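# Close look at the chain arrangement
Listed here are the chains, written in short residue letters.
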Amino acid sequence: MARPKSMTEKITINIDPVDLGYIDLLVDQGFYGNRSDFIKNAVKSRLHDYDDQFKDIQRKDRQTTDWIVGISTITARDVASHLAEHRHTELHVIGYLTVDRAVDPDALKQAYPTIVVNGVFKASNEVKAAYGY
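Now for a look at the structure at hand. (Residues numbered from 1 in each chain as written. Predicted model: local features only at pLDDT ≥ 70, side-chain atom pairs only at ≥ 80, totals over all residues. Heavy atoms only, no water.)

Below, the discussion takes up the pairing of strand E1 (residues 65-74). Pairing of E1 with strand E2 (residues 90-99) involves 10 bridges; the strand directions are parallel. Pairing of Ser72 across the sheet is with Leu97, part of E2. The β-α-β motif built from E1, the intervening helix H4 (residues 76-84) and the parallel element E2 has right-handed crossover chirality. (Pairing = 2+ DSSP bridges. Helix = DSSP H or I, 4+ residues; strand = E, 2+ residues; numbered from the N terminus. Right-handed = clockwise from strand over helix to strand, strands pointing away.)

The following block contains the structure:
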């Protein structure tokens, strides 16, 4: 599987000056290498607090939904295999999904009538449009 060029996405956030001051103090004291390190660590820590809820959501939808957590690429071979098994399931991705350009959008739509991506979705404009992205 080919890895995406960038494993991170840039976001912009607004932080209260006092909170930013506390972050800078922690950086100055050597607890973090820079502001970004602090923010990434804080986000991961907070997301960890929701591990049980994430598992519950996935468990609830297991009957009708295929879940991918991480980085994945859908190829034409994957779609053909899915259709050969007569599987027509929703796909929910938390992370990074790439749909190979060789994938036929109509076949993909047959295999996965619904694709929901929480994260990054890299695909042709035609595939994205078919799924409302």
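Applying the stated criterion across every chain, the model contains three aromatic pairs. Judged by centre distance (6.4 Å) and plane angle (40 degrees), the rings of Tyr50 and Phe54 are tilted. A centroid spacing of 4.9 Å and a plane angle of 75 degrees characterise the contact between Phe121 and Tyr133, whose relative ring orientation is edge-to-face. Within this pair, whereas Phe121 is found in strand E3 (residues 115-122), its partner Tyr133 is found in the segment after helix H6 (125-130), the two being separated by 12 residues in sequence. On the basis of relative accessible area, Tyr133 is assigned to the partly exposed category, the value being 41%. Lying across the ring of Tyr131, Lys109 places its NZ or CZ 4.2 Å from the centre. (Phe/Tyr/Trp six-rings, centres within 6.5 Å; stacked < 30°, edge-to-face > 60°. Buried < 20%, exposed > 50% of the residue type's maximum accessible area, 1.4 Å probe, protein only. Lys NZ or Arg CZ within 6 Å of the ring centre and 35° of its normal.)

A word on the environment of Val120. Its location among the elements puts Val120 in strand E3. For Val120, a relative accessible area of 14% puts it in the buried group. With residues near it in sequence (within four places) discarded, Val120 still touches Glu9, Gly95, Tyr96 and Leu97. (Contact = heavy atoms within 4.5 Å.)

Side chains of Val43, Leu47, Tyr50, Phe54 and Ile57 sit close together on the surface and give an oily, nonpolar patch of about 430 Å² of accessible area. Mapped onto the nonpolar patch, the elements with two or more residues apiece are helix H2 (35-48) and helix H3 (51-60). Mapping Ile57 onto the fold places it in helix H3. For Ile57, a relative accessible area of 40% gives the class partly exposed. (Patch = residues over 30% accessible without salt bridge, like charges linked within 9 Å, V, L, I, M, F, W, Y side chains within 5 Å. Areas by Shrake-Rupley, 256 points an atom, 1.4 Å probe, with all protein chains shown as cover. Salt bridge = Lys/Arg side-chain N within 4 Å of Asp/Glu carboxyl O.)

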